[in-house]
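Overview (structure and organization)
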Amino acid sequence: IPVDPFDLVIFGGTGDLARRKILPGLFRRFCAGQMPDSARVIAAARSAHDRDEYRRFVAEAIREFSGLRACEGGTLNGFLDCLDYAVVDARGTEGWADLASRLSPDRVRAFYFSVGPGLFGDLAERIHLHGMATDESRIVVEKPFGHDLASARDLNATLAAHFDEGQIYRIDHYLGKETVQNLMAVRFGNMLFEPLWNSQYVDHIQITVAETVGVGGRGEYYDHAGAMRDMVQNHLMQLLCLIAMEPPAKFDPDAVRDEKLKVIRALDPVEPHHIVRGQYNALDGEHPGYREAVGNPRSSTESFIVMKTHISNWRWAGTPFYLRTGKRLVARSSVISVMFKDAPHSIFGPDAGRHANVLSIRLQPNEGITLQVTIKEPGPGGMRLIDVPLDMTFADALGPEGEDPPDAYERLIMDVIRGNQTLFMRGDEVEAAWAWTDPIIAGWQLRGEVPKPYDSGSTGPGDADLLMKRDHRAWRGIN
Ligand code: BG6
């Protein structure tokens, strides 16, 4: 279903995120007929380019990152015709009047702040000053949303000075992933799971986001953030919320976000001995180690973290949630595993072994959901039990063969245009997440803790496995 014509201004329109995600994502929506021909995308940046140069830049980005092979030629030109470029000085006065004059009066206006948070205030203020903010205006902001609770509060206050909460779209791109939304469909669209979705039937939950990439060219940012701020405070926290939250009364932005907020507020503080931090070593001259990559030989920032946490509420009391994320690991794999308890009594005797159901929600790669069930091994060999997967792999349902599944960004940008905030973080959620994160990081600093080294291409430091072993449990494999 096409959205209404809109004007989208991308501050930082020549940046990495715009090149890799935002513009290829918009192009895919254009090819799908969802973005109308008359929509306008205006890149606003400091460097002096003209419209044609910018179109060439975008055409190149689309070839490299859109994942589409078929949609070229006329369609590409049609999309490029929607693009414009404006030279704007975010901290000064240059270019703003010109930008304002290019916007249409009666359309939805979205201002995408694809820039560092240090510029959010300047941009918000200037948008107002130049009369560009209408009732139909929205701003989109990227993580990192602050560095701690105090800075997140400041950012919220800065934005609130110029925009209502209903106009602020804080992106956590994990919420735009196909399987993440499917998680809600599975939980709340079926009768099967919800009655078992509690500490009585669930032994524990594992959330793993493993990456093979290192810190790449983002060393300076990352060394100040680490895995805790970069991944846990936002992406893993959001996954945890969707797994653990109570059913919202409706699939509406505030109903969903109210329930997520309750989960964050019910999280226990994490005991120091329930956390293992790691930092990757070089891989045989092939990749630099973490410290070399960030240019800080004494860095004590973690590129890997596992932790055990609890949610103190009626539903989850006593059920541990294990979180794990890291860079330069053996495989790229993001999976949530809901580990059900064993059946209370085995009628098949002691030789039948332990068989517990596992619901695995695979975010990437190979998106899908698998339910591990126990059956009799087929054949005449007697009553032997085996586990088999009931597998729902989404690839077949996701469009023509060979095409990548829709990227999180394309979905989220269309939600911005439609004015649907369900998959965006509310200000109070972000603050609550920092309120939980801050004391953990402060504890490391106070105790002068350094992360354990681990080999690139491994599953992280051995202590991560010990944390599980102590609880007589094991991590699901990363693959
Ligand atoms: C970003 C983090 O938010 O998410 C990166 O800053 C990380 O460090 C990335 O690599 C992971 O996203 P995805 O979609 O590739 O799993």
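Our subject is the structure listed above.
Residues numbered from 1 in each chain as written. Predicted model: local features only at pLDDT ≥ 70, side-chain atom pairs only at ≥ 80, totals over all residues. Heavy atoms only, no water.

Considerations on the pairing of strand 1 (residues 6–11)
Put simply, the rule reads: Each residue is assigned to one of three classes by its accessible area relative to the maximum for its type, calculated with a 1.4 Å probe on protein chains only: buried under 20%, partly exposed between the two thresholds, exposed over 50%. Here a strand is any run of E in DSSP of at least two residues, a helix any run of H or I of at least four, and the numbering for each starts at the N terminus. Strand pairing requires that DSSP identify at least two bridges connecting the strands. Here is how to tell: hold the view so the strands point away, follow the path from the first strand over the helix to the second, and if it runs clockwise the crossover is right-handed.
Counted residue by residue, strand 1 has six buried out of six residues, so it is predominantly covered. With six bridges connecting them, strand 1 and strand 4 (residues 108–113) associate as parallel partners. Note that in strand 4 the partner of Asp-7 across the bridge is Arg-109. As judged from the five bridges shared by strand 1 and strand 2 (residues 40–45), these two strands associate in the parallel manner. Counted as the bridge partner of Asp-7 is Arg-40 from strand 2. Between the parallel elements strand 1 and strand 2, the chain passes through helix 1 (residues 16–31) in a crossover that is right-handed.

Here's the deal with the state of the cysteines
Covalent bonding between the sulfur atoms of two cysteines is what defines a disulfide. The cut-off we apply is this: We call a pair of cysteine sulfur atoms a disulfide whenever their separation is within 2.5 Å.
Applying the stated criterion to the full structure yields zero disulfides. Cys-31 provides the cysteine sulfur closest to Cys-82, a residue in no disulfide bond, and the two sulfurs are 11 Å apart.

A closer look at the pattern of salt bridges
Charged atoms that come close allow side chains of opposite charge to pair. Rules: The rule for a salt bridge is simple: a side-chain nitrogen of Lys or Arg has to be within 4 Å of a carboxyl oxygen of Asp or Glu.
Scanning the model with the defined rule gives 40 salt bridges in all. Two residues, Arg-40 and Asp-7, come together in a salt bridge whose shortest N-O distance is 3.7 Å. Here the residue Arg-40 occupies a position in strand 2, and Asp-7 occupies one in strand 1, the gap between them amounting to 33 residues. Accessibility expressed as a relative area gives 23% for Arg-40, which makes it partly exposed. Arg-20 serves as the salt-bridge partner of Asp-16, at 3.1 Å between the closest nitrogen and oxygen. Here Asp-16 and its partner Arg-20 are both found in helix 1, four residues apart, which amounts to about one turn of the helix. Arg-20 gets classed as partly exposed once you look at its relative accessible area, which sits at 39%. One connected set of salt bridges, linked through shared partners, spans Asp-254, Arg-257, Asp-258, Arg-426 and Asp-428.

Here's the deal with the sheet that holds strand 10 (residues 321–326)
For clarity, the threshold we go by: Note on geometry: axes are lines fitted to C-alpha atoms, helical ones only across the stretch in contact, with angles between N-to-C directions running from 0 to 180 degrees.
Judged by pairing direction, the sheet is mixed, and its nine strands sit side by side in the order 14-13-12-11-7-10-9-8-15 without closing on themselves. Each edge of the sheet is formed by a strand with only one pairing partner; in this case those strands are strand 14 (385–393) and strand 15 (452–454). Sheet twist, expressed as the average angle between the axes of neighbouring strands with direction ignored, equals 20°. Here seven bridges tie strand 11 (residues 333–342) to strand 12 (residues 356–364), and the two strands are oriented antiparallel to one another. Bridged to Val-338 within strand 12 is Leu-359.

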